[in-house]
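Structure at a glance
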Amino acid sequence: MYTHVAVHRSHTMADEAQPPNGTDVVDKMTVEVAEMALDAKEAAGKEAASGQPGAAEPAKPSDKETNGSATPANKPVCSAAFKEQFKAFSKFGDTKSDGKHLTLSQSDKWMKQAKVIDKKITTTDTGIHFKKLKSMKLTYEDYNKFLDDLAKTKKVELDEIKNKMANCGAPGVHNATPGKAAETVARLTDTSKYTGSHKQRFDETGKGKGIAGRKDMVDQSGYVSGYGHKNTYDKTH
């Protein structure tokens with residue numbers, strides 16, 4: 001009897017020592033998965049450090065980070081174009097000019113056409129800074145000094161000024177937009193709207209009839225005045 005009780009207790013203790021539902025197997029698998037994940041992470045870090053294929057590429061800095069802004073503040077100035085404009089305006093209004101010197105008057109015309117002279121920069125400002133160089137005519141080098149001094153004083157970007165002056169077109173060319181004057185001229189020259197005697201001076205296409213539209217011409221064709229079948233007679237009969 002005692003032996004039977006002892007055997008029963010040993011089986012009961014063994015059953016209590018084992019985890020129910022195979023928990024030890026689940027815990028072992030969880031540990032193995034975690035270890036595999038750590039191994040993969042360490043391998044990726046080593047590849048990135050050595051620069052081998054498969055390594056994650058570092059993020060490239062954006063234009064804003066490299067240049068300080070998304071786009072350059074001002075376009076680069078084309079020195080050749082600016083110099084050609086200098087020569088062109090130095091000859092503007094002066095047929096004897098060699099294209100190597102620029103007067104204050106020529107400079108102001110250039111700046112007005114380029115719309116550099118406005119509420120912020122006036123002809124008074126250009127006159128003061130131009131006379132600082134103590135010359136009636138400035139060479140290309142001195143003119144650049146003049147612009148640099150003007151830009152600093154008025155707190156305007158020098159490249160912005162030069163870009164406008166380099167791209168304002170030939171001397172005397174203004175990009176004017178059609179206004180009310182153009183509309184008025186178009187309305188007054190529309191012959192389809194003429195009435196009375198003025199309408200008789202033009203044909204259906206708007207072409208002028210010449211003297212026939214201004215005077216009553218005598219009909220020399222031989223037909224009675226007002227005859228409606230003129231030039232319909234069959235000449236073969």
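Summary of the structure given here. All residue numbers here refer to positions counted from 1 along the written sequence of the relevant chain. With pLDDT at 70 or above as the cut-off, local features in this predicted model cover only qualifying residues; side-chain atom pairs require 80 or more to be listed or tallied, and sums for whole chains, interfaces and linings still use all residues. To get the side-chain values, take all heavy atoms of the structure and skip hydrogens and water.

**Quick notes on helix α7 (residues 140-154)**
Each full turn of the α-helix corresponds to 3.6 residues, which orients residues three or four apart in the same direction. Between its first and last C-alpha, α7 extends 21 Å over 15 residues, near the 21 Å set by a 1.5 Å rise per residue. Contacts are assigned to residue pairs with any non-hydrogen atoms lying within 4.5 Å of each other. By the criteria applied, helices consist of DSSP H or I runs no shorter than four residues and strands consist of E runs no shorter than two, each listed in order from the N terminus. Contacts made by the buried residues of α7 are with α4 (79-90), β1 (102-103), α5 (104-113), α6 (123-131), β2 (137-138) and α8 (158-166). Directly beyond the C-terminal end of α7, a positive phi value near 55 degrees is found at K155. Helix span, expected: 1.5 Å multiplied by one less than the number of residues in the helix.

**What about the packing of aromatic side chains?**
How two aromatic rings sit relative to each other is set out by the distance from centre to centre and by the angle between their planes. Between 30 and 60 degrees the pair is tilted, below 30 it is stacked and above 60 it is edge-to-face, where a pair is any two Phe, Tyr or Trp rings, Trp via its six-membered ring, whose centres lie within 6.5 Å. Applying the stated criterion to the full structure yields 9 aromatic pairs. Centre to centre, the rings of F86 and Y140 are 5.4 Å apart; their planes meet at 80 degrees, and the pair counts as edge-to-face. Taken together, the residues F86 in helix α4 and Y140 in helix α7 connect sequence positions 54 residues apart. Here's how the labels work: a residue is buried when its accessible area is under 20% of the maximum for its type, exposed when over 50%, partly exposed in between, all with a 1.4 Å probe on protein chains only. Its relative accessible area of 1% is what places F86 among the buried residues. Ring pairs connect the aromatic residues F82, F86, F89, F92, W110, F130, Y140, Y143 and F146, which therefore count as one cluster. Sitting above the plane of the Y140 ring, K83 keeps its charged end 5.2 Å from the centroid. Here, over-ring charges are defined by two tests on the NZ atom of lysine or the CZ atom of arginine: distance to the ring centre within 6 Å, and angle to the ring normal within 35 degrees. Here the basic side chain of K162 rests over the ring of F82, its NZ or CZ set 5.2 Å away from the ring centre.

**Notes on the nonpolar core**
Here, the term nonpolar core denotes a set of buried Ala, Val, Leu, Ile, Met, Phe, Trp, Tyr and Cys residues that are joined through side-chain atoms within 4.5 Å. By size, the foremost hydrophobic cluster in this structure holds 23 residues, and its most contacted members are W110, M111, Y143 and M165. Put simply, the parts of the chain that give this core at least two residues each are α4, α5, α7 and α8. Top contributing element to this core by residue count: α7, with 6 residues. Those residues in contact with W110 that sit more than four places away from it in its chain are F82, Q85, F86, F89, L102, Y143, M165 and C168.

**Focus on α4**
Look at α4: 16 Å from first C-alpha to last across 12 residues, which is about the 16 Å you get at 1.5 Å a residue. Those residues of α4 lying buried are F82, Q85, F86, F89 and S90. Projection of α4 onto a plane perpendicular to its axis shows the buried side chains occupying an angular sector of 130 degrees, all on one side. The secondary structure elements touched by the buried residues of α4 are β1, α5, β2, α7 and α8. When we speak of the arc, we mean the arc of directions from the helix axis to the C-beta atoms.

**Some words on the packing of α4 against α8**
Each axis is a line fitted through C-alpha atoms, and for a helix only the stretch in contact is used; angles between axes span 0 to 180 degrees, taken between their N-to-C directions. With their axes 9 Å apart at the nearest point, α4 and α8 run at an angle of 60 degrees to one another. With respect to each other, α4 and α8 are oriented oblique. Crossing angle aside, the handedness with which α4 passes α8 is left-handed. Counted together, A81, F82 and Q85 of α4 and K162, M165 and A166 of α8 form the full contact between these two elements. Partitioned by chemical class, the residues of the contact of α4 with α8 number 4 nonpolar, 1 polar and 1 charged. Should an angle lie under 35 degrees it is considered roughly parallel, over 145 roughly antiparallel, and from 65 to 115 roughly perpendicular; all remaining angles are considered oblique. Definitions for this section: a left-handed crossing has its near helix turned counterclockwise from the far helix by less than a right angle. A right-handed crossing has that turn clockwise. The residue classification treats Ala, Val, Leu, Ile, Met, Phe, Trp, Tyr, Cys and Pro as nonpolar and Asp, Glu, Lys and Arg as charged. All others, Gly included, are polar.

**Quick word on the environment of Y140**
A relative accessible area of 17% places Y140 in the buried class. Along the chain, Y140 and K83 lie 57 residues apart, while their C-alpha atoms are 7.7 Å from each other. Aside from chain neighbours lying at most four places away, what touches Y140 is S79, F82, K83, F86 and K100.

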